[in-house]
Amino acid sequence: NAGVTQTPKFRVLKTGQSMTLLCAQDMNHEYMYWYRQDPGMGLRLIHYSVGEGTTAKGEVPDGYNVSRLKKQNFLLGLESAAPSQTSVYFCASSLRQGWQPQHFGDGTRLSIL
Amino acid sequence: EDQVTQSPEALRLQEGESSSLNCSYTVSGLRGLFWYRQDPGKGPEFLFTLYSAGEEKEKERLKATLTKKESFLHITAPKPEDSATYLCAVVTNNAGNMLTFGGGTRLMVKP
């Protein structure tokens, strides 16, 4: 029972490069989320999805795009990476309403040089 | 704007030394408060949800309580394996049912 799986686990990019982070969940959850975690800032919501084919902006969406083509997958894209996007990115999912417990993956550590 | 503040930022305890972590919040329309545990290099792991003032929940050495302004995570006779960062988060009417996290408390329990 994998839960929430994130790939890759680590990545180093150069400024201006693009990449996609993949999140997969096997719990048949409707809601999925992307967060970033920075020292002293806590977890901040980037984008989220309330179901297949839907996406919405969170607290810090600029510079990121997302897609949810399949219920079990939620992709986070960086169009043109900037050093300010160096962070640890976490994906989470929850069964239905947003206030139900969220289940997190183990994160992707991304460095932008 | 919803605000969640956790204190202290870091806490060092001896094994068996009980203590409490605080999560204070300034929000409009609290719908729920969550506690998570995060180990180094891992994602947050769900511990408790509290929905109304006066509610309490327990799990092993942990007990979470909720008032109208804050929540406490009480740790009784902690063990070294309780060392982790503990995160508090709220869901409110303001934030469209999304979580707003505090900065966390890093707990270190020494044998």
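The structure contained in this document is the topic of the report that follows. (Residues numbered from 1 in each chain as written. Chains lettered and ligands numbered in written order. Predicted model: local features only at pLDDT ≥ 70, side-chain atom pairs only at ≥ 80, totals over all residues. Heavy atoms only, no water.)

1. Notes on the overall build of chain B
At step 1: Check the secondary structure of chain B and you find zero helices and 11 strands.
At step 2: In terms of C-alpha radius of gyration, chain B reaches 13 Å, essentially the compact-globule figure of 13 Å for 111 residues.
At step 3: Across its three principal directions, the C-alpha atoms of chain B cover 45 × 30 × 20 Å.
At step 4: Residues counted as buried form 46% of the 111 residues belonging to chain B.
At step 5: Here the contacts in chain B between residues at least 6 apart in sequence split such that 56% fall between residues at least 24 apart.
At step 6: As presented, chain B carries roughly 5400 Å² of accessible surface, and 45% of it is formed by carbon and sulfur atoms.
At step 7: If the 13 positive side-chain charges of chain B are averaged to one point and the 14 negative ones to another, these points end up 1 Å apart. (Helix = DSSP H or I, 4+ residues; strand = E, 2+ residues; numbered from the N terminus. Rg over C-alpha atoms; globule rule 2.2 N^0.38 Å. Buried < 20%, exposed > 50% of the residue type's maximum accessible area, 1.4 Å probe, protein only. Contact = heavy atoms within 4.5 Å. Areas by Shrake-Rupley, 256 points an atom, 1.4 Å probe, with all protein chains shown as cover. Lys, Arg positive; Asp, Glu negative; His and termini not counted. Charge placed at Lys NZ, Arg CZ, Asp CG, Glu CD.)

2. Regarding the state of the cysteines
At step 1: Enumeration over the complete set of coordinates arrives at two disulfides over all chains.
At step 2: Covalently, C23 of chain A is tied to C91 of chain A through a disulfide, its sulfur atoms 1.9 Å apart. Measuring handedness by torsion sign, the sulfur bridge of C23 of chain A and C91 of chain A sits at about -75° and is left-handed. Taken as a pair, C23 of chain A in strand β3 (residues 19-25) and C91 of chain A in strand β9 (residues 87-94) lie far apart in primary sequence, 68 residues in all. As far as burial versus exposure is concerned, C23 of chain A and C91 of chain A are alike and both buried.
At step 3: Disulfide pairing is shown between C23 of chain B and C88 of chain B; the S-S distance is 1.9 Å. Taking the sign of the S-S torsion, about -55° here, the bridge from C23 of chain B to C88 of chain B comes out left-handed. (Disulfide = S-S within 2.5 Å.)

3. Digging into the sheet that holds strand β1 (residues 4-7) of chain A
All names here are of chain A.
At step 1: Taking strand neighbours across the sheet as the criterion, the four strands line up as β1-β3-β8-β7 in an open arrangement whose pairing is antiparallel. At either margin of the open sheet sits one strand with a lone partner, and together these are β1 and β7 (64-67). On average, each strand axis in the sheet is inclined to that of its neighbour by 20°, with strand direction left out of account. (Pairing = 2+ DSSP bridges. Axes fitted to C-alpha atoms, helices over the stretch in contact; angles between N-to-C directions.)

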